[in-house]
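The chain contents come next:
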Amino acid sequence: MTKRILIVGGVAGGMSAATRLRRLDEYAEIVIFERGPYVSFANCGLPYYLGGEITDKKKLIVQTPERLAAVFGLTIHPRHNVVAIHPDRKVIEVCDLETNETRTERFDDLILSTGASPVIPPIPGIDRPGHFPLRTIPDLDKTDEWIRSTNAKTALVLGGGFIGLETAEQLHRRGIVVTVAEYGSQVLKPFDPEMAALIHREIRKHGVTLKLGQAVTRFDAPAHGEHAAASVAVLACGTRVPADLVIVGVGVKPEAGLAIDAGLAIGLSGGIAVNESLQTSHPHIWAVGDAIEVTHGVTRQAMLIPLGGPANRQGRTVADNINGKNSRYFSTIGTAIVRIFDQVAAVTGANETLLKKAGIPYQVVHLHPNSHAGYYPGAKSIALKLIFSNEDGKILGAQAIGEDGVDKRIDVIATAIKAGMTVHDLADLELCYAPPFGSAKDPVNLAGMAAQNILAGDVMVAQWHDIPALQESGAIVLDVRDDTEREAGAIPGSVGIPLAELRKRLAELPKDRLLLVHCASGQRSYNACRALMQHGYQCRNLAGSFKTWKAATEA
């Protein structure tokens, strides 16, 4: 008997499932219902069309219903909204949005790929004209038309997540004066504060105003003399920010309403609960993508991680299981990347916040290696943070920011996390090397080696946020940079002895007080610590040294 499989929602998870289903079963009846007009489009590319980097909107449409029908034999119904699921009868109710007629459709298996919807915070005036999310092509069309029709010159981006910052960058590229308002103390929550600070610096460097820790309390109509086509945002501090355009990018929430109404199990995070087969609490209903709750691959906690790559793999997993292949989707580790002007920021695994919440002990190294051999032209510094278990050296997470080479380093470490590798493995990895591409000791190797030094007890480290408490308890901050470097900026209260003079000036340092040693990036201070420890001094190396401290403590 021909199997009838219905899919609610297209894009990443739904279309990945549909095409894989067809490759596995030539005879199955596969029907997709999509609420919007586009069943397969690149929503991650929307900001780049808005800013003009992508010039042809057709490039955002990955597949059309006509081509999917011709190539894969799929039946696709755009502008059809599934309004109810009846699991006991194995039918759905679907409304044709063109005719407003509702009908029922039978299924043998049902895949929910309902995605996530933008969070619209309950701020008075949030529904004023000129306020837009940026999640779909229709959202893009409305935003672009508003900019053109109002000749928008100013914009407020509400929220400092990935999409919000990409949109801010692209609006700036379009010549619009942009303000980003973020309720929290930092942008990009998957990053730890000292790493996000590097992005704060980059945003401000390009003339975008960044308002951190400032809630928008309401949106007013423009008063006399306030030139704004959309609204005037009133911040908690009382500042009024006129804007011709407002982008609402505070985050997304899973579209789980259908599942809730159908009585399917929902996770504590609000996403649809699934097992490792991506099966819901009903044996013939499956779910994928941004709508589901996943297990974090490091902390093992259930959470929402809305990313396109995992959604595609989940679609494949469901198709396999419907066809008896016994496939499993075990976890998501949150590997993500974003470009903000001239900087690229990438992250994988768990950050410190997640590890503390999960009660997992960890250690951190910061380093600032070059993207490729320093003697070859064009080398750029990478701020790299590696988080690892201080018990067995298992890799728990990593973050990197820089102009070049960030993506490949985080991809290597993401692969290592999935493989259950340790910092010892990172130190031993054989990675490609030629002067234009890397160094004989790649940044990934160096991170592993730095972690090995800590685990072996060759050096003890302190973090940037430890400095005030350590100074209060009597520690001396020892700066081993050259005098010219100190003249350009130094940690308050620090003592300067250049590394080249250190052995000759040991008598100036007390042995009964902790020495917190730093240089610019950590290499020279590590060498200093090794020498000091062998001369009987108490010593800690400041992780990331002056570069990390300066970024983290900038206003």
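You'll find the structure just up there.
Just so you know, these numbers come straight off a predicted model, no measurement behind them. (Residues numbered from 1 in each chain as written. Predicted model: local features only at pLDDT ≥ 70, side-chain atom pairs only at ≥ 80, totals over all residues. Heavy atoms only, no water.)

> Requested: an account of the overall build of the chain, with residues and values cited.
Across its full length, the chain holds 16 helices and 32 strands. Against the 2.2 N^0.38 benchmark of 24 Å for 555 residues, the chain shows a C-alpha radius of gyration of 27 Å, consistent with a compact globule. Along the first, second and third principal axes, the C-alpha set of the chain runs to 90 × 65 × 45 Å. Considering only residue pairs separated by 6 or more positions, the chain has 63% of its internal contacts joining residues 24 or more positions apart. Summed over its atoms, the accessible surface of the chain is roughly 24,100 Å², and 51% of this surface lies on carbon and sulfur atoms. With 57 positive and 59 negative side-chain charges, the chain shows a spacing of 1 Å between the two charge centroids. (Helix = DSSP H or I, 4+ residues; strand = E, 2+ residues; numbered from the N terminus. Rg over C-alpha atoms; globule rule 2.2 N^0.38 Å. Contact = heavy atoms within 4.5 Å. Areas by Shrake-Rupley, 256 points an atom, 1.4 Å probe, with all protein chains shown as cover. Lys, Arg positive; Asp, Glu negative; His and termini not counted. Charge placed at Lys NZ, Arg CZ, Asp CG, Glu CD.)

> Any details on the packing of aromatic side chains? Residues and values, ideally.
Summed over the entire model, instances satisfying the criterion amount to two aromatic pairs. Ring plane angle 65 degrees and centroid distance 6.0 Å describe the contact between Phe-132 and Trp-146, whose orientation is recorded as edge-to-face. Of the two residues, Phe-132 sits in strand S11 (residues 131-132) while Trp-146 sits in helix H4 (residues 137-150), which places them 14 residues apart along the sequence. A relative accessible area of 12% means that Phe-132 is categorised as buried. Here the guanidinium or amino end of Arg-481 rests over the ring plane of Phe-546, the centre of that ring lying 4.1 Å away. Across the ring face of Tyr-537, the terminal group of Lys-511 is positioned such that the distance to the ring centre comes to 5.3 Å. (Phe/Tyr/Trp six-rings, centres within 6.5 Å; stacked < 30°, edge-to-face > 60°. Buried < 20%, exposed > 50% of the residue type's maximum accessible area, 1.4 Å probe, protein only. Lys NZ or Arg CZ within 6 Å of the ring centre and 35° of its normal.)

> Would you mind going over a positive patch on the surface in detail, with residue names and values included?
Positive charge collects at one region of the surface, where Arg-300, Arg-313, Lys-394 and Lys-418 lie side by side. Within the fold, Arg-300 resides in the loop between strand S21 (294-295) and strand S22 (302-303). (Patch = residues over 30% accessible without salt bridge, like charges linked within 9 Å, V, L, I, M, F, W, Y side chains within 5 Å. Salt bridge = Lys/Arg side-chain N within 4 Å of Asp/Glu carboxyl O.)

> Pulling in residues and values, what's your account of the sheet that holds strand S8 (residues 101-106)?
The strand order S6-S7-S8 describes an open sheet built from three strands, whose pairing is antiparallel. At either margin of the open sheet sits one strand with a lone partner, and together these are strand S6 (80-86) and S8. Across the sheet, the axes of successive neighbouring strands diverge by a mean angle of 25 degrees, strand direction being ignored. (Pairing = 2+ DSSP bridges. Axes fitted to C-alpha atoms, helices over the stretch in contact; angles between N-to-C directions.)

> Explain empty space enclosed by the protein to me, and be specific about the residues and the numbers.
Considering all chains together, one arrives at one cavity of 30 Å³ or more under this definition. Estimated volume of the largest cavity: approximately 30 Å³. In terms of lining, the largest cavity is formed by Leu-165, Ala-168, Glu-169, Val-180, Ile-203, Val-208, Ile-340 and Phe-341. If one sorts the elements of the lining of the largest cavity by residue count, helix H5 (residues 162-173) sits on top with three residues. Considered class by class, the residues forming the lining of the largest cavity number seven nonpolar, no polar and one charged. (1 Å grid on protein atoms, 1.4 Å probe; cavity = no way out; pocket = protein on both sides within 12 Å on 5 of 7 lines; lining within 4 Å. Points joined across faces, edges and corners; volume = space filled by probe spheres on them. Nonpolar A, V, L, I, M, F, W, Y, C, P; charged D, E, K, R; others polar.)

> Break down the state of the cysteines for me, with residues and values.
The full count for this structure, using the stated rule, is one disulfide. Across the disulfide, Cys-529 is cross-linked to Cys-539 (sulfur-sulfur distance 2.4 Å). Judged by the torsion about the S-S bond (-70 degrees), the Cys-529/Cys-539 disulfide is left-handed. One end of the pair, Cys-529, is in helix H15 (residues 523-534); the other, Cys-539, is in strand S32 (residues 539-542), and 10 residues separate them in sequence. Note on Cys-529: relative accessible area 0%, which makes it buried. (Disulfide = S-S within 2.5 Å.)

> Now, about the environment of Glu-508: what can you tell me, with residues and values included?
Turning to its location among the elements, Glu-508 is positioned in the loop between strand S30 (495-496) and strand S31 (515-518). At 2.8 Å, the side chain of Glu-508 and the side chain of Arg-505 are in polar contact. (Polar contact = N/O pair within 3.5 Å; in protein donor to acceptor, adjacent residues only side chain to side chain.)

> Before we move on, can you summarise the sheet that holds strand S15 (residues 216-220) with the specific residues and values?
Spatial strand order, S15-S16-S17: three strands in an open sheet with antiparallel pairing. Each edge of the open sheet is held by one strand with a lone partner, namely S15 and strand S17 (240-243). Averaged over neighbouring strand pairs, the angle between their axes works out to 25 degrees when direction is ignored. Pairing geometry for strand S16 (residues 231-235) and S17, over four bridges, is antiparallel. Its bridge partner lying in S17, Ala-233 is registered against Val-241.

> Describe the pairing of strand S9 (residues 109-112), and please don't skip the residues or the numbers.
Of the two faces of S9, the one lined by Asp-109 and Ile-111 and the one lined by Leu-110 and Leu-112 are each fully buried. As paired elements, strand S1 (residues 4-8) and S9 share four bridges and run parallel to each other. Each bridged residue has a counterpart across the sheet, and for Val-8 the counterpart in S9 is Leu-112. With three bridges joining them, S9 and strand S20 (residues 285-287) adopt parallel strand pairing. Each bridged residue has a counterpart across the sheet, and for Leu-110 the counterpart in S20 is Ile-285.

Geometric descriptors of this kind do not, in isolation, establish any biological role.
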